[in-house]
Amino acid sequence: LLISIGYAACHWCHVMAHESFEDQTVAEVMNAHFICIKVDREERPDVDQIYMDAAQILTGRGGWPLNAFAFPDGKPFYAATYFPKENWLKVLKNIAKAYDTQQEQLKDTALKLTRGIQDIDRLDFTENDQDINFSKTDYQDLLGSWQRFFDSKYGGFKGAPKFAMPSSWQFLLQYHELTQNKEALEQCLNLLDHMIAGGIYDQIHGGFARYSVDERWFAPHFEKMLYDNAQMISLLANAYKITQKPSYKIAIEQSLDFVDNWLSDKNGGFYSAVDADSEGREGAFYTYRYNELEEALTSDEFEVAKVYFNLKKQGNWEEGQNILYTAQSISKLAEEFDLTEDEFSEKLNLVRSKIKTLSLSKPRPEIDTKILCSWNAMMLKAYVDAYQALGHQAYLDQAEANAAFIQQELLNENQQLFRNFKDGQSNITGFLEDYAWLSLALISLYEATLNISYLELSKQLVDKSITDFYDADLGLFYYTSTEAEALIARKIEVNDNVIPSSNSVMLQALFKLHKFYNANSYKRIVQKMLAKVSPKLHKSGPYLAHWAIVVGYLTHPFAEVVTCGSDYAQKHKLLLQHYNPNAIFLGGTTEDLALMKGKTDYNQIFVCVDQSCQQPANTVEEALKQLKALY
């Protein structure tokens, strides 16, 4: 087998496809010696994980396109990434020859490599089966392993290429709230300010590119992924709750405008990505020549654009092109132009609108229109988070439309999820990532709507996950279900990266459901999972950030906030506009949950910890004071 793994927005995947897979000579060699299989890593991350491990073991590096050679049973004996055409032809011929003349040797390699792939996860965990009792000091000490990663100058983590890693910064927001550590908040806001000002943020259409190739967030790799934008919107929403910074509100609104215009299907689902390339080159849609902007704008408008977006005659990037980014504040530029901030912003909005019209006259990048369950759940949660922060009802309506789509197209009557939806079909069994993210998103949707059916579905999905994915002996969840087809290895995902690991997302869902339902069975799983990764927590910094958030839940008071009475809806909405990471929110006029028993007749807010409630609060302000006093 020749297994080539890539994805729609992968630049080098397209390069190799064009140079080699679409070339007649190369195709003849491939078809003569191999059964060639193309895999979309985003549809089949389970397959990708296995052969990526093979590449890492053999070569010490990974990436896409990922090309693996395997026996018919799927056991690989060689794996590597991109090859130029001539090198690829040599690799094909050499492997075909070795398969004919040294097959026993290759079988021996495949056997050893498969064992390595199977063992790589298990060797990573402690044998500790005892519950770990974390203390506040343990939580406070977690920040120590982060210091070496921070880039205090440009924001984010040191080095290049530079990825946002939104889940890391969610931990730092929580850390600031629970410990009042100023650096944690400053580092997060520094990241957001630099990203919003940089070329990684689309200054015209909204939305974030996948990563920056430099340390300044200036030049992005221009593809835009649904999962990046979902997580960035959620992060901005929480940062806005804390700071009320207008620039964060604008970035949320512009980014959701991008999602609405580019990634939204009329059925309520969200597409996966927008390509980096158009017109045969990367970034063509997003970059501009000096003179084309000069022609599209009046002389006054061009002066604003030139200064605000840092345009250079010779271009500020490759081939005479300009990447739009901002280096000065609106207040400073308004002063320079002898305008009020509102007047300057008005001019800037007109400039943006004209540049948008210009860009839309160009050929658009391709959109990857497949719909993936977990990524949709992330965006569902992002819409809820944006609704909480900004109060726009349209955002909550969009979240509910997406929840309806997922239930209609990606969920069967046995609570089994599907991974994908394309051309009216869902045919890939869901992975832990799909169950975990949807469970967590539905908890948020319940908190925003107080519609108990969302919380009940979240619980059903978690119960299904425990049955189909959880290994009680190991104390962790497998990535693939017992109902999925058997591959050569069953992988376990623990490290948080650009997307948090499926185990750490499930950990958060389990903890919150334990609080809603007072379910000790969920808490025992949470404790067992944390015991497994505990030795790594103080060393791994950003790469266990989502796990660290749950340590914060366990070591500090975690509130259950119940809003009842005839005017509950308005009070509840106001409560959600404030940042309270260590709390769940419930309420209404019916006793849907045990926590609400005996409370629904009162126009009051009950702040409880471990089912024990404080003196009822009559106003939102009183309830918020009680919450703040907990820490």
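Quick note: structure is the one above.
The following refers to the structure shown. As the structure is a computational prediction, the values presented were derived from the model and not from experiment.

Procedures and definitions
Residues numbered from 1 in each chain as written. Predicted model: local features only at pLDDT ≥ 70, side-chain atom pairs only at ≥ 80, totals over all residues. Heavy atoms only, no water. Phe/Tyr/Trp six-rings, centres within 6.5 Å; stacked < 30°, edge-to-face > 60°. Lys NZ or Arg CZ within 6 Å of the ring centre and 35° of its normal. Salt bridge = Lys/Arg side-chain N within 4 Å of Asp/Glu carboxyl O. Helix = DSSP H or I, 4+ residues; strand = E, 2+ residues; numbered from the N terminus. Buried < 20%, exposed > 50% of the residue type's maximum accessible area, 1.4 Å probe, protein only. Polar contact = N/O pair within 3.5 Å; in protein donor to acceptor, adjacent residues only side chain to side chain. Contact = heavy atoms within 4.5 Å. Core = buried A, V, L, I, M, F, W, Y, C linked by side-chain atoms within 4.5 Å. Pairing = 2+ DSSP bridges. Axes fitted to C-alpha atoms, helices over the stretch in contact; angles between N-to-C directions.

**Observations regarding the packing of aromatic side chains**
Working step 1: One pass over the full model with this rule turns up 44 aromatic pairs.
Working step 2: The structure contains a cluster of three or more aromatic residues connected by ring pairs, namely Tyr139, Trp146, Phe149, Phe150, Phe157, Trp169, Phe171, Tyr175 and Tyr543.
Working step 3: Its end group placed over the ring of Tyr288, Lys362 keeps NZ or CZ at 4.2 Å from the ring centre.
Working step 4: Directly above the ring of Tyr517 sits Lys459, whose terminal nitrogen or CZ lies 5.5 Å from the centroid.

**Here's the deal with the pattern of salt bridges**
Working step 1: Scanning the entire structure with this criterion turns up 29 salt bridges.
Working step 2: Taking the shortest distance from any N to any O, the salt bridge between Glu42 and Lys370 comes out at 2.8 Å. Of the two residues, Glu42 is situated in the loop between β2 (36–40) and α3 (45–59) and Lys370 in the loop between β13 (367–368) and β14 (371–372); the sequence distance between them amounts to 328 residues. Of the two residues, Glu42 and Lys370, neither departs from the other in class, the shared state being buried.
Working step 3: Taken together, the salt bridges that share partners define one network made up of Asp40, Glu42, Asp368 and Lys370.

**Remarks on the side chain of Glu42**
Working step 1: Classification of Glu42 by relative accessible area gives buried; the value is 3%.
Working step 2: Looking at Glu42, its side chain comes within polar contact range of the side chain of Lys370, at 2.8 Å.
Working step 3: Those residues in contact with Glu42, other than ones at most four positions away along the chain, are Tyr7, Met225, Asp368, Lys370, Leu372, Trp375 and Arg419.

**Let's talk about the nonpolar core**
As a rule of thumb, soluble globular proteins bury nonpolar side chains together.
Working step 1: Within the largest apolar cluster, 154 residues are counted, with the highest numbers of intra-cluster contacts made by Phe171, Met379 and Trp547.
Working step 2: Beyond its immediate chain neighbours, meaning those up to four positions away, Trp547 contacts Leu476, Val494, Asp496, Ser501, Asn503, Ser504, Leu507, Met529, Leu530, Val533 and Leu537.
Working step 3: Residues Phe69, Ala80, Val91 and Ala110 belong to the second largest nonpolar core, which totals 20 residues.

**What to know about the environment of Phe405**
Working step 1: Its location among the elements puts Phe405 in helix α16 (residues 393–409).
Working step 2: Distance in space between the C-alpha atoms of Phe405 and Phe208 is 25 Å, their sequence separation being 197 residues.
Working step 3: In this view, Phe405 contacts Asn267, Gly268, Gly269, Ile371, Asn376, Leu410 and Phe421; residues no more than four positions away in its chain are not counted.

**A short note on the sheet that holds strand β4 (residues 76–80)**
Working step 1: One open sheet holds the 4 strands; their spatial order is β2-β1-β3-β4, and the pairing between them is mixed. The open sheet has two free edges, formed respectively by β2 and β4, since each of these has just one partner strand. For this sheet, the mean angle separating the axes of adjacent strands, direction not counted, is 20°.
Working step 2: Alignment of strand β1 (residues 2–6) against β2, held across 5 bridges, turns out to be parallel. Opposite Leu2, over in β2, you have Cys36 as the bridge partner.
Working step 3: Against the sheet, helix α4 (residues 85–101) touches β1, β3 (66–70) and β4, its axis set at about 15° to β3.

**What to know about the side chain of Thr81**
Working step 1: Locating Thr81 in the fold gives a position in the loop between β4 and α4.
Working step 2: Among the residues examined, Thr81 registers a relative accessible area of 9% and is labelled buried.
Working step 3: Within the structure, Thr81 has its side chain in polar contact with the side chain of Arg61 (distance 3.2 Å).
Working step 4: Sequence-distant contacts of Thr81, defined by excluding residues within four places in its chain, comprise Arg61, Gly62, Gly63, Pro65, Leu66 and Asn67.

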